[in-house]
Amino acid sequence: MHEDGGRSAPERAARGVELWERGGRGLSPWARRVAWAAAEAMLCDEDERGELAPPGAEVCERAVAALDLSLEQGTPETRRAFGLLAVCLELLPPFVIGAFGRMSRLSLDRRLAYLEALESSRSGLLAMLLLAFKVPMCMAAFEEGAELALTGFDRESTAARRRLPGLGAGGRA
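Residues numbered from 1 in each chain as written. Predicted model: local features only at pLDDT ≥ 70, side-chain atom pairs only at ≥ 80, totals over all residues. Heavy atoms only, no water.

Undergrad: Please clarify how the overall build of the chain should be interpreted in this entry.
TA: Of the regular secondary structure elements, the chain holds 9 helices and 2 strands. When the helices and strands of the chain are placed in sequence order, the string is α-α-α-β-β-α-α-α-α-α-α. In the chain, which comprises 173 residues, the share counted as buried stands at 32%. For the chain, contacts bridging at least 24 residues in sequence account for 57% of all contacts bridging at least 6. About 10,700 Å² of surface is accessible on the chain, with carbon and sulfur atoms providing 55% of the total. (Helix = DSSP H or I, 4+ residues; strand = E, 2+ residues; numbered from the N terminus. Buried < 20%, exposed > 50% of the residue type's maximum accessible area, 1.4 Å probe, protein only. Contact = heavy atoms within 4.5 Å. Areas by Shrake-Rupley, 256 points an atom, 1.4 Å probe, with all protein chains shown as cover.)

And the structure:
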């Protein structure tokens, strides 16, 4: 029996089981915390008073779970290399923005400043370090719900059928 209620991997995918329910093993728990802290800073927004507001836990979990799942399907060498990238992302704030402390322990505004400094760095290696996390996590974060609507997509998910104007509830004329 499979650990997901007796269903095989294709059956789980066909039923639309959420990524985080699958429990990937591509990131170590430590690297998962680093990725979560990065996702929280990358996806934060301003509230009505102009202060930084973290995204919902569901959004961060969707982003980190997608990264975790993609690394789980990679080679052991890829997982180890990404672990090294997580160490670099976690330990570089003193050298990039002069903030003494690990990235995951910085306040949200200091984490955001750190990620912005990485992105605009003259060193392409620092910019690529951020992109290794940013691209796979942001793609997943903006695949559903309110975040997807922010992109201008007019459906609740990328898998939902499109509702054409003038057609009935069943989608047929």
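Undergrad: Is there a simple way to explain the nonpolar core in this structure?
TA: Side chains that are nonpolar tend, in soluble globular proteins, to be buried together. Counting residues in each nonpolar core, the largest one holds 31 residues, and the members touching the most others are Leu 27, Met 42, Leu 67, Leu 89, Leu 115, Phe 133 and Met 137. Of all the secondary structure elements, the ones that give two or more residues to this core are α3 (29–42), α4 (57–72), α5 (76–91), α7 (108–119) and α8 (124–141). Tallying contributions element by element places α3 first for this core, with 8 residues. Residues within four places of Leu 89 in sequence aside, it is in contact with Val 34, Ala 38, Met 103, Tyr 114, Leu 115, Leu 118, Leu 129 and Phe 133. (Core = buried A, V, L, I, M, F, W, Y, C linked by side-chain atoms within 4.5 Å.)

Undergrad: Help me understand the state of the cysteines, please; the structure alone is not making it clear to me.
TA: Disulfides are covalent bonds that connect the sulfur atoms of two cysteines. Applying the stated rule across the entire model yields 0 disulfides. The closest cysteine sulfur to the non-disulfide-bonded Cys 44 is located on Cys 60, 9.5 Å from its own sulfur. (Disulfide = S-S within 2.5 Å.)

Undergrad: I would appreciate a short explanation of a nonpolar patch on the surface in the present structure.
TA: A grouping of Met 128, Leu 131, Val 135 and Met 139 is seen on the molecular surface, where their side chains present a nonpolar patch of about 380 Å² in accessible area. As for its placement among the helices and strands, Leu 131 is situated in helix α8. (Patch = residues over 30% accessible without salt bridge, like charges linked within 9 Å, V, L, I, M, F, W, Y side chains within 5 Å. Salt bridge = Lys/Arg side-chain N within 4 Å of Asp/Glu carboxyl O.)

Undergrad: What exactly am I supposed to notice about the side chain of Arg 111 here?
TA: Its location among the elements puts Arg 111 in helix α7. Among the polar contacts made by the side chain of Arg 111, one reaches the main-chain carbonyl oxygen of Ala 37 at a distance of 2.9 Å. Here the side chain of Arg 111 touches Glu 40 through a polar contact of 2.8 Å, side chain to side chain. Aside from chain neighbours lying at most four places away, what touches Arg 111 is Ala 37, Glu 40, Ala 41, Met 103 and Leu 106. (Polar contact = N/O pair within 3.5 Å; in protein donor to acceptor, adjacent residues only side chain to side chain.)

Undergrad: Just to check I follow, could you spell out the packing of aromatic side chains for this structure?
TA: Aromatic ring pairs are reported here in terms of the distance separating the ring centres and the angle at which the planes meet. For the coordinates displayed, the defined rule picks out 1 aromatic pair. Between the aromatic rings of Phe 82 and Phe 133, the centroid separation amounts to 4.7 Å while the plane-to-plane angle is 55°, which identifies the pairing as tilted. Linking Phe 82 in helix α5 with Phe 133 in helix α8, this pair joins segments that are 51 residues apart in sequence. Residue Phe 82 shares its accessibility class with Phe 133, and that shared class is buried. (Phe/Tyr/Trp six-rings, centres within 6.5 Å; stacked < 30°, edge-to-face > 60°.)

Undergrad: Any chance you could explain the environment of Leu 43 here in plain terms?
TA: Structurally, the position occupied by Leu 43 is in the loop between α3 and β1 (45–46). In this structure Leu 43 comes out as buried when scored by relative accessible area, which is 13%. Linking Leu 43 and Cys 60, residues 17 residues apart in sequence, is a C-alpha distance of 7.9 Å.

These figures come from the coordinates and say nothing about function on their own.
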